[in-house]
Amino acid sequence: RGLAADDARLPVRAGDKVGEKYVVEGVIGAGGVGVVVAARHTSLDERVAIKFLQTSAMASAENVSRFSREARALARIRSEHVARVMDFGALPSGAPFMVLEHLDGKDLGAVLRTRGKVPIHEAVDHVCQACDAVVEAHALGIVHRDLKPANLFLTARADGTPIIKVLDFGISKLRDDKELNSLTRTGTVMGTPQFMAPEQAAGAR
């Protein structure tokens, strides 16, 4: 999404080693404040995805705090419908990173742009799988707050059957985390307006 491997907004470059064991290969995608790169574990020869904050976002203590809490939230969720967190750390510069399982496929936003409307049985299956992840997250006191097609990734299991992975818990809310909840004041709107619940759009507690 507009970021090259040598972009100044990236805290790493292609060929850099992260955490002494992951070699960066290239950019997978980027959002408002984060960026995800493809990398390879040097010992296991396993491909992974590594998420960073963009360089400009590092100036915000709130962004840094949310990033570390996203990693903690993801690590608590065991559902197969959430990308697995494999590692967490920081670069020598202090920039935090999280290592995630590498996914092959497309997010549903991209699927809708290329295919248009999907058959009802597919749409129902996709949403039900996403709900499985949300149910487990809610049981742990984690509210995603930005569920939308672009954050639902369609990939495949080892047997070839389709599976949805819920992505980007970057603005999630942890019910019992007073420090995180203090970052969001009443009246602050978080998320994507087209997909918000009415009470979320109103910025209500």
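The rules behind the values
Residues numbered from 1 in each chain as written. Predicted model: local features only at pLDDT ≥ 70, side-chain atom pairs only at ≥ 80, totals over all residues. Heavy atoms only, no water. Pairing = 2+ DSSP bridges. Helix = DSSP H or I, 4+ residues; strand = E, 2+ residues; numbered from the N terminus. Contact = heavy atoms within 4.5 Å. Axes fitted to C-alpha atoms, helices over the stretch in contact; angles between N-to-C directions. Buried < 20%, exposed > 50% of the residue type's maximum accessible area, 1.4 Å probe, protein only. Polar contact = N/O pair within 3.5 Å; in protein donor to acceptor, adjacent residues only side chain to side chain. Phe/Tyr/Trp six-rings, centres within 6.5 Å; stacked < 30°, edge-to-face > 60°. Expected span 1.5 Å × (residues − 1).

Caption draft 1: Spotlight on the sheet that holds strand E9 (residues 152-156). Ordered by their spatial adjacency, three strands build an open sheet running E7-E9-E10, and the pairing between neighbours is antiparallel. Strands with a single pairing partner mark the edges of an open sheet, and in this sheet they are strand E7 (106-107) and strand E10 (162-166). When E7 meets E9, the two strands line up antiparallel, connected through two bridges. The residue bridging Lys-106 from the neighbouring strand is Leu-154, located in E9. Lying over the sheet, helix H3 (residues 120-139) contacts E9 and E10, oriented at roughly 45° with respect to E10.

Caption draft 2: The sheet that holds strand E3 (residues 34-41), seen in detail. Judged by pairing direction, the sheet is antiparallel, and its six strands sit side by side in the order E1-E2-E3-E4-E6-E5 without closing on themselves. Of all strands in the sheet, those bounded by a partner on one side alone are strand E1 (17-18) and strand E5 (85-90). Summarising the sheet, strand E2 (residues 22-30) and E3 pair through seven bridges and their orientation is antiparallel. Within the sheet, the bridge partner assigned to Gly-29 lies in E3 and is Val-36. Its contacts with the sheet put helix H1 (residues 61-76) on strand E4 (46-53), E5 and strand E6 (96-101), and the angle it makes with E6 is roughly 30°.

Caption draft 3: Here's a closer look at helix H2 (residues 108-115). Inspection of H2 places Leu-108, Gly-109, Ala-110 and Val-111 among the buried residues, and these make up the whole buried set. Here the buried face of H2 lies against E7, H3, E9 and E10. The distance from a side-chain oxygen at the start of H2 to the backbone nitrogen of Gly-109 is 2.8 Å, and the residue carrying that oxygen is Asp-107. Positive backbone phi, at 80°, marks Gly-116, one or two positions downstream of H2.

Caption draft 4: Quick look at the packing of aromatic side chains. One pass over the structure, following the stated rule, counts two aromatic pairs. Ring centres of Phe-52 and Phe-97 lie 6.1 Å apart, and the angle between their planes is 50°; this geometry places the pair in the tilted category. Residue Phe-52 is found in strand E4, and its partner Phe-97 is found in strand E6; the two are separated by 45 residues along the sequence. Residue Phe-97 is classed as buried on the basis of its relative accessible area, which comes to 3%. For the pair Phe-67 and Phe-88, a centre-to-centre distance of 6.4 Å together with 35° between the ring planes defines the contact as tilted. A residue pair is termed long-range when its members are at least 10 positions apart, and Phe-67 in helix H1 and Phe-88 in strand E5 qualify at 21 residues.

Caption draft 5: Structural detail: the pairing of E3. With respect to burial, E3 is a largely interior element, six of its eight residues being buried. Joining the antiparallel neighbours E2 and E3 is a turn of three residues. Across eight bridges, E3 lies against E4 in antiparallel orientation. Bridge pairing in E4 links Ala-38 to Ala-49.

Caption draft 6: Examining H3 more closely. Given a rise of 1.5 Å per residue, 20 residues ought to cover 28 Å, and the 28 Å separating the end C-alpha atoms of H3 matches this to within 8%. In this structure, the buried residues of H3 make contact with H2, strand E8 (142-143), E9 and E10. Positioned one or two residues after H3, Gly-141 has a phi angle of 80°, which is positive.

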